[in-house]
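Examining the three-dimensional arrangement
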Amino acid sequence: MITTSTDIQFQTLAHFSQGGDWRRQLVHDQDAHVLVWITRGQGRGLLDGIRRGIGAHNALFVPAGSTFALDLGRQSIGHVVMLPAGGDLRLPEMPRHLRIREVQVQSELTSLIEAGLREDQGTRPLRNDALEGHAALISVWLRRQTMEEAHAPARRTAAQRLSARFCALLAQRFRTGAPMSDYAAALDVTPTHLTRAVKAATGKTAADLLTERVVHEARMLLAQTPYPARQIAASLGFGSAAYFTRFIQQHTGLPPSKLRNHS
């Protein structure tokens, strides 16, 4: 990610998108742990290398550095809690998708998040202490749910396991400009096998996910930093600024200069 925050943040789903659906629809990773709580609407998401259906009262926990994406309908409503990595909170070590059916448990999380959101938006004394308290209670709620037998992760197929490994590698290497053959070699499979496995698990090819991750990072850099296009191109492994410009225009419809102004 572009910026590193050590702050606990409570946001609405709309604020998390910041007016650009691409911010959550394109696969990416965050430098903080992310908890997404959907209270209305439905759609699809990618988490832990698997495409998943998402609906109301679904909670997604995304550890820092884990690749994910959310493609939700326009009428979807929810909240996002950003929890800094490396803190004292005890949190799950792996991505989790929880479908919460008990009304009382749903209300507990909604109340905790809404209280944290009010505190985050306010200016009361000891605000940071209060945010830490709300985050600690949310971590307890989350760990209680992951302990429930009903929320035990389903057994994954070989394709899903390979897809998860690829997504983890993608978060580490997407800036290198390495070809897909290098990813396949690192995973000890052929490029064809990798493509088929990721397609089966996510509905997209491995190359599609790599492209999305690079586009997301490029758009974030253009939107949030003053770096010139040639510097951004070099940081993402492009051989030239001209190639970077063609790549961005092909996948967004706009050249980097206009994309920056639009952002």
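It should be noted that the structure appears before, not after, this text.
Parameters and conventions
- Residues numbered from 1 in each chain as written.
- Predicted model: local features only at pLDDT ≥ 70, side-chain atom pairs only at ≥ 80, totals over all residues.
- Heavy atoms only, no water.
- Axes fitted to C-alpha atoms, helices over the stretch in contact; angles between N-to-C directions.
- Helix = DSSP H or I, 4+ residues; strand = E, 2+ residues; numbered from the N terminus.
- Parallel < 35°, antiparallel > 145°, perpendicular 65-115°, else oblique.
- Left-handed = near helix turned anticlockwise from the far one by under 90°.
- Contact = heavy atoms within 4.5 Å.
- Nonpolar A, V, L, I, M, F, W, Y, C, P; charged D, E, K, R; others polar.
- 1 Å grid on protein atoms, 1.4 Å probe; cavity = no way out; pocket = protein on both sides within 12 Å on 5 of 7 lines; lining within 4 Å.
- Points joined across faces, edges and corners; volume = space filled by probe spheres on them.
- Buried < 20%, exposed > 50% of the residue type's maximum accessible area, 1.4 Å probe, protein only.
- Pairing = 2+ DSSP bridges.
- Salt bridge = Lys/Arg side-chain N within 4 Å of Asp/Glu carboxyl O.
- Expected span 1.5 Å × (residues − 1).
- Arc of directions from axis to C-beta.
- Phe/Tyr/Trp six-rings, centres within 6.5 Å; stacked < 30°, edge-to-face > 60°.

**Focus on the packing of helix α5 (residues 158–173) against helix α8 (residues 206–224)**
It is at 11 Å that the axes of α5 and α8 come closest, and there the two elements cross at 30°. Compared by their axis directions, α5 and α8 come out roughly parallel. As for the relative orientation of α5 and α8, their crossing is right-handed in sense. Contacts from F166, C167 and L170 in α5 reach A206, L209, L210 and R213 in α8. Here the residues of the contact of α5 with α8 sort into six nonpolar, no polar and one charged.

**Observations regarding the layout of surface pockets**
Its volume calculated, the largest pocket comes out at about 450 Å³. Lining the largest pocket are 19 residues; nearest its centre among them are R52, H97, A152, P153 and A154. Within the residue set of the lining of the largest pocket, elements represented by two or more residues are β4 (50–54) and β8 (96–99). Per-element tally for the lining of the largest pocket: the top contributor is β8, with four residues. Tallied by class, residues from the lining of the largest pocket come to eight nonpolar, four polar and seven charged.

**Some words on the pairing of strand β7 (residues 77–84)**
Burial analysis of β7 places seven of its eight residues in the buried class, the great majority of the element. Summarising the sheet, strand β1 (residues 9–12) and β7 pair through four bridges and their orientation is antiparallel. Paired with Q9 across the two strands is M82, which belongs to β7. Note: strand β2 (residues 32–40) against β7, eight bridges, orientation antiparallel. Along β7, the bridge assignment pairs V34 with M82.

**Brief notes about the pattern of salt bridges**
Scanning the entire structure with this criterion turns up nine salt bridges. Note that R156 and D48 form a salt bridge whose closest N and O atoms lie 2.9 Å from each other. Here D48 lies in the loop between β3 (43–47) and β4 and R156 lies in the loop between α4 (127–147) and α5, a separation of 108 residues in the sequence. Residue D48 is classed as buried on the basis of its relative accessible area, which comes to 17%. The salt bridge involving R213 is made with E217; its shortest N-O contact spans 3.2 Å. Linking R213 with E217, this pair stays in helix α8, spanning four residues, or about one helical turn. A relative accessible area of 0% means that R213 is categorised as buried. Beyond isolated ion pairs, a larger network of salt bridges with shared partners links D29, R175, R213 and E217.

**What about α4?**
If you check α4, its first and last C-alpha atoms are 31 Å apart, about what 21 residues at 1.5 Å a residue would give, namely 30 Å. Taken residue by residue, α4 has L131, H134, A135, I138, S139, W141, L142, Q145 and T146 as its buried positions. Down the axis of α4, the smallest arc covering the buried residues is 165°, so these residues share one side. Residues of α4 that are exposed and point over 90 degrees away from its buried face: R144 and M147. Looking at the buried positions of α4, the neighbouring elements they touch are β1, β2, β5 (58–62), β7, β8 and α3 (103–121).

**Here's the deal with helix α7 (residues 191–202)**
For α7, which comprises twelve residues, the first-to-last C-alpha distance of 16 Å matches the rise-based estimate of 16 Å (1.5 Å per residue) to within 8%. Those residues of α7 that are buried lie in contact with β3, β4, α5, α6 (180–186) and α8. At the exit of α7 stands G203, carrying a positive phi of roughly 85°.

**Concerning the packing of aromatic side chains**
In this description, an aromatic ring pair is defined by two values, namely the gap between the centres and the angle between the planes. Summed over the entire model, instances satisfying the criterion amount to five aromatic pairs. Taking the centre distance of 6.2 Å and the plane angle of 65° together, the rings of W37 and W141 count as edge-to-face. Here W37 is found in strand β2, whereas its partner W141 is found in helix α4, with 104 residues between them in sequence. Judged by relative accessible area, W37 falls into the buried class, the value being 0%. Ring pairing ties together the aromatic residues F238, Y243, F244 and F247, which thus form one cluster.

Note that every value here comes from positions in space, so none of it alone points to a role or purpose.
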